[in-house]
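Each chain, written out:
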Amino acid sequence: MPSSNENAAELHTRGREPIETGPSDVVDRSVDAETEEAEQTLLEQLGGFSGLIYSTLPVLVFVPVNTFAGLTAAIWTALGVAAAILVWRLVRRSPIQPAISGFLGVGICAFIAYRMGEAKGFFLFGIYTSLVYAGVFLVSMLVRWPLVGVIWGVLNGHGTEWRSDRRVVRLYDLATTTWVVVFGARYLVQSQLYDTDRTGWLAFARIAMGWPLTAVALAVTVWAVRRAGHLPVGRGTAAETA
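Residues numbered from 1 in each chain as written. Predicted model: local features only at pLDDT ≥ 70, side-chain atom pairs only at ≥ 80, totals over all residues. Heavy atoms only, no water.

So, the overall build of the protein chain
Then comes step 1: For the protein chain, the helix and strand inventory stands at 12 helices and zero strands.
Then comes step 2: When its helices and strands are written in sequence order, the protein chain yields α-α-α-α-α-α-α-α-α-α-α-α.
Then comes step 3: Taken across its 242 residues, the protein chain has 36% of its residues classed as buried.
Then comes step 4: Sequence-distant contacts in the protein chain: of pairs separated by 6 or more residues, those separated by 24 or more amount to 70%.
Then comes step 5: A total of about 14,600 Å² of accessible surface is found on the protein chain, and carbon and sulfur atoms cover 63% of it. (Helix = DSSP H or I, 4+ residues; strand = E, 2+ residues; numbered from the N terminus. Buried < 20%, exposed > 50% of the residue type's maximum accessible area, 1.4 Å probe, protein only. Contact = heavy atoms within 4.5 Å. Areas by Shrake-Rupley, 256 points an atom, 1.4 Å probe, with all protein chains shown as cover.)

A short note on helix α7 (residues 124-142)
Then comes step 1: A rise of 1.5 Å per residue sets the reference length of α7, with its 19 residues, at 27 Å; its end C-alpha atoms lie 27 Å apart and thus fit the reference within 8%.
Then comes step 2: Of all the residues in α7, the buried ones are Leu124, Gly126, Ile127, Ser130, Ala134, Phe137, Ser140 and Met141.
Then comes step 3: Looking at the buried residues of α7, the elements they touch are α6 (97-116), α8 (147-156), α9 (166-195) and α10 (199-208).
Then comes step 4: Among the residues trailing α7, Arg144 stands out with phi positive, at a value near 65 degrees. (Expected span 1.5 Å × (residues − 1).)

Focus on the pattern of salt bridges
Then comes step 1: What the rule picks out here adds up to two salt bridges.
Then comes step 2: A salt bridge links Lys120 to Asp197; the shortest N-O distance between them is 2.5 Å. Of the two residues, Lys120 sits in the loop between α6 and α7 while Asp197 sits in the loop between α9 and α10, which places them 77 residues apart along the sequence.
Then comes step 3: Relative accessible area serves as the criterion here: at 13%, Lys120 is assigned to the buried category.
Then comes step 4: With a shortest N-O distance of 2.9 Å, Asp173 and Arg144 are connected by a salt bridge. Of the two residues, Asp173 sits in helix α9 while Arg144 sits in the loop between α7 and α8, which places them 29 residues apart along the sequence. (Salt bridge = Lys/Arg side-chain N within 4 Å of Asp/Glu carboxyl O.)

Brief notes about the nonpolar core
Then comes step 1: Ranked by internal contacts, the top residues of the largest apolar core, which has 24 residues, are Phe62, Leu71, Ile75, Val106, Phe122, Phe123 and Leu202.
Then comes step 2: Counting residues per element, the ones that place at least two in this core are α4 (57-69), α5 (71-91), α6, α7, α9 and α10.
Then comes step 3: Top contributing element to this core by residue count: α5, with six residues.
Then comes step 4: Excluding residues within four positions of it along the chain, Leu202 makes contact with Lys120, Phe123, Ile127, Gln190, Leu193 and Tyr194. (Core = buried A, V, L, I, M, F, W, Y, C linked by side-chain atoms within 4.5 Å.)

Points about α10
Then comes step 1: Within the span of α10, buried status applies to Leu202, Ala203 and Ala205. Down the axis of α10, the smallest arc covering the buried residues is 165 degrees, so these residues share one side. Exposed side of α10, more than 90 degrees from the buried face: Trp201 and Phe204 are the residues found there. (Arc of directions from axis to C-beta.)

Focus: the confidence of the model for the protein chain
Then comes step 1: Chain-level statistics for the protein chain give a pLDDT mean of 81 and a share of 74% at 70 or above.
Then comes step 2: Of all the helices and strands in the protein chain, helix α12 (residues 233-241) carries the lowest mean pLDDT, 45, while α7 carries the highest, 97.
Then comes step 3: Across residues 235-242, confidence stays below pLDDT 50; counting only partners more than four residues off in sequence or on other chains, it has four contacts. (pLDDT = per-residue confidence, 0-100.)

Points about a nonpolar patch on the surface
Then comes step 1: Together, Leu138, Val139, Leu142, Val143 and Trp145 line one region of the surface with nonpolar side chains, adding up to about 470 Å² of accessible area.
Then comes step 2: Take Leu142: it is sitting in helix α7.
Then comes step 3: Exposure remark for Leu142: the relative accessible area of 64% places this residue in the exposed category. (Patch = residues over 30% accessible without salt bridge, like charges linked within 9 Å, V, L, I, M, F, W, Y side chains within 5 Å.)

Comments concerning a positive patch on the surface
Then comes step 1: Together, Arg166, Arg167, Arg170 and Arg227 make up a region of like positive charge exposed at the surface.
Then comes step 2: The greatest single-element share of the positive patch, amounting to three residues, is contributed by α9.
Then comes step 3: Positionally, Arg227 belongs in helix α11 (residues 211-228). (Lys, Arg positive; Asp, Glu negative; His and termini not counted. Charge placed at Lys NZ, Arg CZ, Asp CG, Glu CD.)

This is the structure we're talking about:
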């Protein structure tokens, strides 16, 4: 009969035995890693989290400067902030395409405000840009080419073969619908504030409906990509060859 010391030794040895990892655990870790890469890929196209936040800074300074120093000072301040963001990203060697696009966008907004002679003109370009985006995304669904699937296929090498799978098309329809709702909501709310000359609330809506709603739409997009099995090609290929 084994002694108590022998039993204790056996239990200690068992406790040190490696725990076997089942196939499901490996798959879960692989899917989680691929999902994280999908999220990172989408964020990279928007300049990352910092890019989303930086995009609100010109708007954040425009309204208070306009209130205390006038429209001209507000325009130059917003342009200065956008230029500083561009230089900062250059110094840090971050992707500059989002910063360049942001600077050009602020330039257009500033030009419209200058020509109109009104602070609310600074927001007019963004309002109608949201309307155009909402229309384009909506039309893409109506013609059975949901734009989320098209853009994701171009960025990550999946092409357009997914269109032959109705389940995948429905997933991309859902993701595209989310973007339609986001852009449509921005247009409806901000155009109403624009028409009623509520510049301060217009700036608040621009920020509040900016990156927070973009984050929601990105989350739905990543979910659709994951369900469709269209995670980035590079990782999938590497996993197969490993």
